[in-house]
Amino acid sequence: MEEKARQLVARLAATPDSAVRDLPFVHRALTLPLLSAASAALRVPRLLSRLCPRRALPVPVVSVGNLTWGGNGKTPMVDFLARSFHRLGISPLLLTRGYSGGDEPKMLRRRLSDTSAKIGVGANRAAVASAILQKYGYIRHSETFCAEKKLSATSELESGKIGVAILDDGMQHWSLLRDVEIVMVNGLAPWGNTHFIPRGPMREPLSTLGRADIVVIHNADLVSEVQLKAIRSTIEDNAAACSVFYSRLAPSHIFEVKQPLQKLPLNLLNDKIMLCVSSIGCPNAFVHTVREMGPLKIDRLDFSDHHFFNAQDLEIIQETVKNLMDQHGKDTIVVVTEKDYDRDPEALRTLDANVLVLSSSLQIMNHKEQGEDEFMRKVKEIMVVTSRAKSHVVDWATS
């Protein structure tokens, strides 16, 4: 019942005003007015939170956030930034709230286990950062990129001293000052119906784009050039000074839920019967990626974002697999995302089916000379400028 209610709210939140008249009467007369009232009520504490004092960290802070709920590519961007800073010789600290069971920090820990990244989980990210910075030490603002230049002659990376903090889902987190504000936009559904949660997907008004230093249009490979131009136009109308980049999720390999360390080639999915199962913010992008791998037949089961598979869900998945096998006379492969795997791998291992996990990484797309190198150059440039402005701030993390 709870899952059905979440799915209903998600469908209504995606319904444009022009299509409201096509909804059942009970939704038009009761559900939508209740959601609209809830949207107004929820805005009050969010606005009040901005009155609280903000604290500065002694290392640069890069915030990755969004204006709408789910499917914007925040977590893949955090993963991308962590790896990029690691390659530069700068140890990153990832600060995440660990929302709804913590599938995102679990995934980041697994994916970044071969890097110098540290991960702090908790609603009070200022306190979490303070504890981790005291434990591992840090490189001050002014020394961050000096450490990068001296990497070949020093052991800063090996020492584990933190040189940058990456604030996951930071747009609405006001307790920490940040040096770089990156806003992710889902190209497949950039603004939804423009209503605020829960009546719509918006967490902030479009005017909030004015705070952004960089806006990244995610899933840009799945959007037409006309649509991209329209999204860019809205961004430029609200944030004329920011830089705009395009990104995509690029699949790299697959692995079995029972053998996660064994990387398998993507072509194993060619000419197979596949069932895409996901509990993520933008399942359409996931299904599109799987479809590009050339399956013989593809079916899907979508659950609400961050949903934990219960016994009933697993029965539905198992029954769907059986029906597909009976229909086509071939084995059916269940394909899930990394978030779904890391949320509860044991549940997926109970299925009597071949369950594979699609592993993907965010890529900054080359567009008018704006690729990954230019993206990181822009991030570092903003960090250097803001760190100079913050040089007078007293470090509180060790006090």
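Residues numbered from 1 in each chain as written. Predicted model: local features only at pLDDT ≥ 70, side-chain atom pairs only at ≥ 80, totals over all residues. Heavy atoms only, no water.

The name that an unreviewed UniProt entry assigns to the protein chain is tetraacyldisaccharide 4'-kinase, with the source organism given as Urochloa decumbens. You can read under Pathway (unreviewed entry) in the UniProt record for the protein chain the words "Glycolipid biosynthesis; lipid IV(A) biosynthesis; lipid IV(A) from (3R)-3-hydroxytetradecanoyl-[acyl-carrier-protein] and UDP-N-acetyl-alpha-D-glucosamine: step 6/6." (UniProt positions renumbered as here; feature names shortened; annotations may be inferred.)

Here the focus is the overall build of the protein chain. Secondary structure summary: the protein chain contains 13 helices and twelve strands in total. Residue burial in the protein chain is summarised as follows: out of 399 residues, 52% are buried. Put simply, of all contacts in the protein chain between residues at least 6 apart along the chain, 77% involve residues at least 24 apart. Total accessible area on the protein chain stands at roughly 18,300 Å², and carbon and sulfur atoms take up 54% of it. (Helix = DSSP H or I, 4+ residues; strand = E, 2+ residues; numbered from the N terminus. Buried < 20%, exposed > 50% of the residue type's maximum accessible area, 1.4 Å probe, protein only. Contact = heavy atoms within 4.5 Å. Areas by Shrake-Rupley, 256 points an atom, 1.4 Å probe, with all protein chains shown as cover.)

On to the packing of aromatic side chains. Going through the model one piece at a time under the given rule, you end up with four aromatic pairs. Seen from their ring centres, Phe255 and Tyr341 are 5.2 Å apart, and the 85° between their planes marks the pair as edge-to-face. Here Phe255, found in strand S7 (residues 243-256), pairs with Tyr341, found in helix H11 (residues 338-343); they are 86 residues apart in sequence, far enough to count as distant. For the pair shown, Phe255 and Tyr341 are each scored as buried. (Phe/Tyr/Trp six-rings, centres within 6.5 Å; stacked < 30°, edge-to-face > 60°.)

Attention shifts here to helix H5 (residues 125-136). The end-to-end C-alpha distance of H5 is 16 Å, a good match for the 16 Å that twelve residues give at a rise of 1.5 Å each. Looking at the packing, one finds that the buried side of H5 touches strand S2 (91-96), strand S3 (118-121) and strand S4 (162-168). Just downstream of H5, Gly137 is the residue with a positive phi angle, here 80°. (Expected span 1.5 Å × (residues − 1).)

Glancing now at the pattern of salt bridges. Applying the stated criterion across every chain, the model contains 18 salt bridges. Here Asp114 ties to Arg83 by a salt bridge, and the two come within 3.1 Å at their closest N and O atoms. Linking Asp114 in the loop between helix H4 (103-111) and S3 with Arg83 in helix H3 (residues 74-87), this pair joins segments that are 31 residues apart in sequence. A relative accessible area of 54% means that Asp114 is categorised as exposed. On the basis of relative accessible area, Arg83 is assigned to the partly exposed category, the value being 23%. (Salt bridge = Lys/Arg side-chain N within 4 Å of Asp/Glu carboxyl O.)

Quick look at the environment of Arg140 now. Summarising the element assignment, Arg140 is placed in the loop between H5 and helix H6 (144-149). Between the alpha carbons of Arg140 and Pro58 there is a distance of 5.7 Å; along the sequence they are 82 residues apart.

Our focus in this paragraph is helix H10 (residues 311-328). Residues three or four positions apart in an α-helix share a direction because the helix packs 3.6 residues into each turn. Helix length check: H10, at 18 residues, gives a terminal C-alpha distance of 26 Å against a target of 26 Å (1.5 Å per residue), a fit within 8%. Regarding H10, the residues found buried are Asp313, Leu314, Ile317, Thr320, Val321 and Leu324. Buried residues of H10, viewed axially, fall in a sector of 125°; they line one side. Exposed and facing more than 90 degrees away from the buried side of H10 are Ala311, Gln312, Glu315 and Asp326. The backbone nitrogen of Gln312 has a side-chain oxygen 3.1 Å away, supplied by the residue at the start of H10, namely Asn310. Of the residues trailing H10, Gly329 is marked for its positive phi of about 70°. (Arc of directions from axis to C-beta. Polar contact = N/O pair within 3.5 Å; in protein donor to acceptor, adjacent residues only side chain to side chain.)

The element strand S9 (residues 273-278) is largely enclosed, with a buried count of six among its six residues. The alternating pattern of S9 places Ile273, Leu275 and Val277 on one face and Met274, Cys276 and Ser278 on the opposite face, and all of these are buried. Strand direction decides the pairing type here: S9 and strand S10 (residues 297-302), joined by six bridges, are parallel. Paired with Ile273 across the strands is Lys297, a residue of S10. The β-α-β motif built from S9, the intervening helix H9 (residues 283-291) and the parallel element S10 has right-handed crossover chirality. Relative to strand S11 (residues 332-337), S9 runs parallel, the two being bridged by four bridges. Opposite Cys276, over in S11, you have Val335 as the bridge partner. (Pairing = 2+ DSSP bridges. Right-handed = clockwise from strand over helix to strand, strands pointing away.)

Of all hydrophobic cores here, the largest spans 30 residues; its most connected members are Met77, Leu81, Phe85, Ile182 and Phe375. For this core, the secondary structure elements donating two or more residues are strand S1 (61-66), H3, S4, strand S5 (180-186), strand S6 (214-218), strand S12 (354-364) and helix H13 (372-389). When sequence neighbours within four positions are dropped, the list of residues in contact with Met77 reads Val64, Met184, Val216, Leu362, Ile364 and Phe375. By size, the runner-up hydrophobic cluster in this structure holds 20 residues, among which are Leu275, Leu314, Ile317 and Leu324. (Core = buried A, V, L, I, M, F, W, Y, C linked by side-chain atoms within 4.5 Å.)

Let us now look at unusual backbone geometry. Here the amide bond leading from Ile197 into Pro198 is cis, since omega sits at 5°, within 30 degrees of zero. Positioned with a positive phi, Asp271 is a non-glycine residue whose angle comes to about 55°. Topologically, Asp271 is positioned in the loop between strand S8 (259-264) and S9.

Once that is clear, we can look at the packing of H3 against H4. Viewed as axis vectors pointing N to C, H3 and H4 meet at an angle of 30°, and their least axial separation amounts to 11 Å. In terms of orientation, H3 and H4 fall into the roughly parallel class. When you trace H3 past H4, the crossing you get is right-handed. From H3, Thr75, Val78, Asp79 and Arg83 reach across to H4, where they touch Glu104, Met107, Leu108 and Arg111. (Axes fitted to C-alpha atoms, helices over the stretch in contact; angles between N-to-C directions. Parallel < 35°, antiparallel > 145°, perpendicular 65-115°, else oblique. Left-handed = near helix turned anticlockwise from the far one by under 90°.)

As a further point, take the side chain of Asn193. When you line up the elements, Asn193 lands in the loop between S5 and S6. A distance of 3.0 Å separates a polar atom in the side chain of Asn193 from the backbone nitrogen of His195.

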